[in-house]
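Survey of secondary and tertiary structure
This is what each chain is made of:
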Amino acid sequence: MKVIYVDNNATTKIAPEVLEEMLPYLREFYGNPSSMHTFGGQVGSKINQARENIAELIGANHEEIIITSCGTESDSTAIWAAILSNPGKKHLITSKVEHPAVKNLFEYLSKNGYRATFVPVDSKGRLDLDFLYSHLADDTAIVSIMWANNESGVIFPVEEISGVLKERGIVFHTDAVQAVGKIPIDLKRVHVDMLSLSGHKVHGPKGVGALYVRKGTKFSPFLIGGHQEAGRRGGTENAASIIGLGKASQLAADHLPEKNTRIRRLRDKLEDELLKRVPNTMVNGDKENRLPNTTSVAFEYVEGESILLLMNELGICASSGSACTSGSLEPSHVLRAMGVPFTAAHGSIRFSLSKYNTEEEVDFIIEQLPPIIERLRNMSPFWKKSR
Ligand code: PLP
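For every chain, the first residue of its written sequence is number 1, and the numbers climb from 1 along that sequence. Note on the predicted model: pLDDT of at least 70 is required for a residue's local features to be given, and 80 or more for side-chain atom pairs to be given and counted; whole-chain, interface and lining totals, by contrast, use all residues. To get the side-chain values, all heavy atoms of the structure are used, and hydrogens and water are removed first.

**Structural notes on the overall build of the chain**
How we decide: Helix and strand definitions here come from DSSP, where helices need a minimum of 4 consecutive H or I residues and strands a minimum of 2 consecutive E residues; each element is numbered from the N-terminal end. Our radius of gyration looks at C-alpha atoms and nothing else; its globule reference is 2.2 Å times the residue count to the power 0.38. Relative accessibility under 20% of the residue-type maximum defines a buried residue, over 50% an exposed one, and the middle range a partly exposed one, all with a 1.4 Å probe and only protein chains included. Any two residues having at least one pair of non-hydrogen atoms within 4.5 Å are treated as being in contact. Per-residue and other accessible areas follow the Shrake-Rupley method at a 1.4 Å probe size, with only the shown protein chains counted as cover for residues.
Helix and strand content of the chain: 12 helices and 15 strands. Radius of gyration (C-alpha) of the chain: 22 Å, near the 21 Å computed for a compact globule of 387 residues. Each principal axis of the C-alpha atoms in the chain carries an extent, and together these give about 70 × 50 × 40 Å. A total of 387 residues make up the chain; the buried ones form 57% of that total. Long-range pairs, those at least 24 residues apart, make up 73% of the contacts in the chain with a sequence separation of at least 6. Of the roughly 16400 Å² of accessible surface on the chain, 54% is carried by carbon and sulfur atoms.

Listed below in structure tokens is the structure:
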């Protein structure tokens, strides 16, 4: 059965060009990049080239890039760095819709001596900026706000926030794991202090990420060890994966225009047709300010998990808006923060496209999904009651 993969915010297919670039560094060039000999040194040079490519994708300088093992490590490193280098400051701000990589660390810190403020969003998933600005305090150690949300695709006004925080001298970190490679990012123009990205979201390998740290930002390493990453993250480099991320960054930069034309058009077609063909259906999130590849569609009065299972039988891979916690299907914290009604949150499906999706695949979903929803609704007591 052919797989139709529209779950690219979860992870992406590794680009063939990326794999090609990596293989020699898994097979023959196994030297330690820190070694004095040429055999290891050549790996070091290739890593430096990769670092340049990663930096270029976000308008940074190569010295401002610290390689990590994933987006989660980048987020943790940034938040701990701000806390440890500002020991007198006990207040932290984030949003209510962050990925668990940020949200759960903030919740942990709020139980361990810090005050954490969680900024709400409106029904379209847009950040309450007045709330954010009115909660800035003299002892705010860090504001961490994602660039784009992984579930709704809503893009936050990072440039505007960065201006305000720069003026106040407050450290600003952004989790840009979903934004990098999908929308243009130029850190020469936008003054964030730290930014997280992840390899496996940009057709690179899993297990590698990067943290941008603006020159001059106070920093404290999370992994204390060897001199790697200029003493900012110890541990022998995951050479092949770093080289893969470098290649993926180069390809992402080349393909950015396509994201905003072909992929956006396919996403819009999928969304418009589903809304047209299936009654009681809506889009979660601000349609204006959204990643070009993402749509979160709520099919009222059906279980998202049932939709996923039936789509799975046809080879269609997507995600639901529920988190299977302790046996109950709770709507995700993102949809809850947006106040999406229970009946819609439960039937929410996230489709996230990539450059590898075709028009035929989108047409297949448009044809196959409406009868699935109809079938499930015919079995739903809630649907019958709503009629
Ligand atoms: N931040 C966001 C917004 C994400 O979507 C993800 C992954 O889904 C992460 C962080 C974590 O990245 P990683 O899987 O590389 O740890």
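**Points about the sheet that holds strand 15 (residues 348–352)**
Sheet strands associate in pairs through backbone hydrogen bonding, adopting either a parallel or an antiparallel arrangement. The line we're drawing: Strands qualify as paired when DSSP identifies two bridges or more between them. Note on geometry: axes are C-alpha line fits, over the in-contact stretch for helices, and angles between N-to-C directions span 0 to 180 degrees.
The strand order across the open sheet built from four strands is 9-10-15-12, with neighbouring strands paired in antiparallel fashion. In this open sheet, the two strands that pair with only one neighbour each are strand 9 (281–283) and strand 12 (319–320). In this structure, strand 9 lies alongside strand 10 (residues 294–299), joined through three bridges in antiparallel fashion. Within strand 10, the position partnered with Met282 by the bridge is Ala298. Against the sheet, helix 7 (residues 239–277) touches strand 9, strand 10 and strand 15, its axis set at about 10 degrees to strand 10.

**A few points about empty space enclosed by the protein**
A probe matching the size of a water molecule, rolled over the atoms, marks out where space remains unfilled. Put simply, the rule is: Buriedness of a pocket was judged along seven lines, with at least five required to meet protein on both sides within 12 Å; pockets are open sets of points on a 1 Å grid over the protein atoms alone, cavities are sets where a 1.4 Å probe fits but cannot get out, and lining residues have an atom within 4 Å of a point. Grid points are joined across faces, edges and corners, and a volume is the space filled by probe spheres set on the points. When residues are sorted by character, Ala, Val, Leu, Ile, Met, Phe, Trp, Tyr, Cys and Pro go into the nonpolar class, Asp, Glu, Lys and Arg into the charged class, and all the rest, Gly among them, into the polar class.
Tallied over the entire structure, the rule returns one cavity of 30 Å³ or more. Within this model, the largest cavity holds a volume of roughly 140 Å³. What lines the largest cavity is a set of 17 residues, among which Gly181, Lys201, Val202, His203 and Lys259 lie closest to the centre. Looking at the lining of the largest cavity residue by residue, the class counts come to seven nonpolar, six polar and four charged.

**So, the sheet that holds strand 3 (residues 91–95)**
The mixed open sheet is built from seven strands, whose spatial order is 2-8-7-6-5-3-4. With partners counted over all chains shown, the strands left at the sheet margins are strand 2 (65–68) and strand 4 (115–119), one partner each. Geometrically, the sheet is characterised by an average inter-axis angle of 20 degrees between neighbouring strands, direction not taken into account. Across the sheet, helix 2 (residues 38–57) is in contact with strand 2, strand 7 (194–198) and strand 8 (209–213); its angle to strand 2 comes to roughly 110 degrees.

**Topic: the nonpolar core**
As a reminder of what qualifies: In this description, a nonpolar core means a group of buried Ala, Val, Leu, Ile, Met, Phe, Trp, Tyr and Cys residues linked to one another through side-chain atoms lying within 4.5 Å. Where a domain begins and ends is set by an automatic assignment or by a domain database.
Ranked by size, the top nonpolar core spans 65 residues in total, and within it Ile58, Trp147 and Leu195 carry the most contacts. No other element matches the eight residues that helix 7 contributes to this core. Domain assignment of the residues forming this core places at least three in each of domain 1 (4–11 + 256–377) and domain 2 (16–251). Apart from the residues within four sequence positions on either side, Ile58 is in contact with Ile65, Val180, Ile185, Asp186, Leu187, Leu195, Leu197 and Tyr212.

**Some points on the site of the ligand**
Cut-off, in case you're wondering: Throughout, the term near means that a residue has one or more heavy atoms lying within 4 Å of the molecule or strand in question. Pairs of N or O atoms are called polar contacts if they sit within 3.5 Å, as long as, within protein, a hydrogen donor faces a hydrogen acceptor (for residues adjacent in sequence, only side-chain-to-side-chain pairs).
Contacts to the ligand come from 13 residues, most closely from Thr72, Asp175, Gln178, Ser198 and Lys201. Gln178 is positioned with one of its side-chain polar atoms (N or O) 2.8 Å from an oxygen atom of the ligand. One nitrogen or oxygen atom from the side chain of His200 is found 2.9 Å from an oxygen atom belonging to the ligand. Protein contacts shield 88% of the accessible area of the ligand, which totals 390 Å² for the unbound molecule. In terms of residues, the shell around the ligand owes the most to one element, helix 3 (residues 71–85), which gives three residues. Of the residues in the shell around the ligand, the class split is three nonpolar, seven polar and three charged.

**Things to note about the pairing of strand 6 (residues 172–175)**
Note the threshold: Handedness of a crossover: with both strands directed away from the viewer, a clockwise path from the first strand across the helix to the second marks it as right-handed.
Side chains of strand 6 alternate between two faces, with Phe172 and Thr174 and His173 and Asp175 buried alike. The parallel pair strand 5 (residues 140–144) and strand 6 is bridged by helix 6 (residues 158–168), and the resulting crossover is right-handed.

**Looking at helix 6**
Since the α-helix advances by 3.6 residues per turn, residues separated by three or four positions end up pointing in the same direction. Our working rule: The arc in question is the one traced by the directions running from the helix axis out to the C-beta atoms.
Considered for burial, the residues of helix 6 that qualify are Val158, Ile161, Ser162 and Leu165. Around the axis of helix 6, the buried residues are gathered within 100 degrees of arc, so they sit on the same side. Taken together, the buried residues of helix 6 touch helix 5 (129–134), strand 5 and strand 6. A positive phi of about 70 degrees marks Gly169, the residue just after helix 6.

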